[in-house]
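# Structural overview
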Amino acid sequence: MSFWEYANPKRFMALSSAALPWFTALTALVLSVGLIWGFFFTPDDFRQGSTVKIIYIHVPSAFIAINAWLMMLVTSLVWLVRRHHVSALAARAAAPIGLAMTCIGLITGAVWGQPMWGTWWEWDPRLTSFLILGLFYLGYIALWEAIDDADTAADLTSVLCIVGSVFAVLSRYAILFWNQGLHQGASLSLDKEENVHDVFAYPLWTCIIGFVLLFITLVLLRTRTEIRARRVKALIARERMA
Amino acid sequence: MMPDLGKYAVSVLSAYGATLAIVALLIWISLRRGRKVQDELRSLEGRRDDA
């Protein structure tokens, strides 16, 4: 069976129906373990004190905020090239999750930044591009809502998604491009010298996996809703014509 | 059981509180809309079967 057959709404509904309970249970388990481990069983940092515990929510939420947009970029390109409705609806379903994660990243960053940097906000390249990414999420959601014809909305939001991808990439790599600003480099990377200590890294990785699972679970759930909403729209239109 | 968060207790707890509130709101909105659309679809398909 071809991979593209999962883009068939019926197949997607059957597959996601079977997968959702497993993803829900796994998300609850991994996220609980990661957050409890990080909050209750890790030491304070010698410089940052207990504020280091914010890392377990700030880094995973920012990671999802950026990568949700990249997932939307891939599904938008699939829509533009292959015209699979499920991929356009999956992008639409992911946007509010990305927006919520951007808000969490901004709030937790401000709350962490205030005691550490002495300011809630700084027009630093990374923070600014992340804020703009949040505004792109808002624009993307608004555009879907504003256009009645689903295919036209999918086309226009896909183009917006391609444009906004610049800011998703900038949010991740701004620090490398400009080498200035308050925000530090990656907390976790394959370069061992840059990484946080293992005592923080293990629960952080667990939280990142938990947030990824949460994202997948919510995307599955919300895409199912979008597929049903599209069917509702089609049935109402058919009733009107009859 | 509660760790000693020292002078940063307000910062840490408010960050966690805001995160949990936003995630809970997102889940609640997703489930509520899902149920609403599912009910709407059931009723439309029921009407269609009756006709």
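The sections below set out a description of the structure shown in this document. Computed from a predicted model, the values in this text were never measured in an experiment.

The rules behind the values
Residues numbered from 1 in each chain as written. Chains lettered and ligands numbered in written order. Predicted model: local features only at pLDDT ≥ 70, side-chain atom pairs only at ≥ 80, totals over all residues. Contact = placed C-beta atoms within 7 Å. Nonpolar A, V, L, I, M, F, W, Y, C, P; charged D, E, K, R; others polar. Helix = DSSP H or I, 4+ residues; strand = E, 2+ residues; numbered from the N terminus. Buried ≥ 20, exposed ≤ 12 C-beta atoms within 10 Å, placed from the backbone. Core = buried A, V, L, I, M, F, W, Y, C linked by C-beta atoms within 7 Å. Expected span 1.5 Å × (residues − 1). Bend = angle between axes of the 7 residues up to and from the residue. Axes fitted to C-alpha atoms, helices over the stretch in contact; angles between N-to-C directions. Parallel < 35°, antiparallel > 145°, perpendicular 65-115°, else oblique. Left-handed = near helix turned anticlockwise from the far one by under 90°.

This brings us to the interface of chain B and chain A. At the interface, 22 residues of chain B touch 29 residues of chain A. Here the residues of the side of chain B that touches chain A are counted per class, giving 12 nonpolar, seven polar and three charged.

Right, let's talk about the environment of Phe12 of chain A for a bit. Residues and elements named next belong to chain A. Of note, Phe12 is situated in helix H1 (residues 9–40). Among the residues examined, Phe12 registers 22 C-beta atoms within 10 Å and is labelled buried. Residues Phe12 and Arg92, spaced 80 residues apart in sequence, show a C-alpha to C-alpha distance of 16 Å.

Residues Ala68, Ala94, Ile97, Leu133, Phe215 and Val219 of chain A are the most contacted members of the largest nonpolar core, which totals 65 residues. When contributions to this core are tallied by element, the ones reaching two or more residues are H1, helix H2 (55–82), helix H3 (85–117), helix H4 (125–146), helix H5 (150–178) and helix H6 (198–241) of chain A together with helix H1 (9–50) of chain B. Counting residues per element, this core draws most heavily on H3 of chain A, which supplies 17 residues.

Below, the discussion takes up unusual backbone geometry. Phi angles above zero are rare outside glycine, and Arg83 of chain A is one such case at about 55°. Inspection of the secondary structure puts Arg83 of chain A in the loop between H2 and H3.

Let's shift gears to H1 of chain A. Residues and elements named next belong to chain A. Spanning 32 residues, H1 covers 43 Å between terminal C-alpha atoms, matching the ideal 46 Å at 1.5 Å per step. Along H1, the sharpest change in direction is near 35° and occurs at Ala19; proline Pro21 comes one to four residues later. Residues of H1 that are buried sit in contact with H2, H3 and H6.

Residue and element names in this part refer to chain A. In the contact formed by H3 and H4, the axes pass within 9 Å of each other and the chain directions differ by 150°. If you check the angle between H3 and H4, you find them roughly antiparallel. Between H3 and H4 the crossing geometry is left-handed. Only Phe130, Leu131, Leu133, Gly134, Tyr137, Leu138, Tyr140, Ile141 and Trp144 of H4 make contact with H3, whose side of the interface consists of Arg92, Ala95, Pro96, Gly98, Leu99, Thr102, Gly105 and Leu106. Its residues assigned to classes, the contact of H3 with H4 comprises 12 nonpolar, four polar and one charged.

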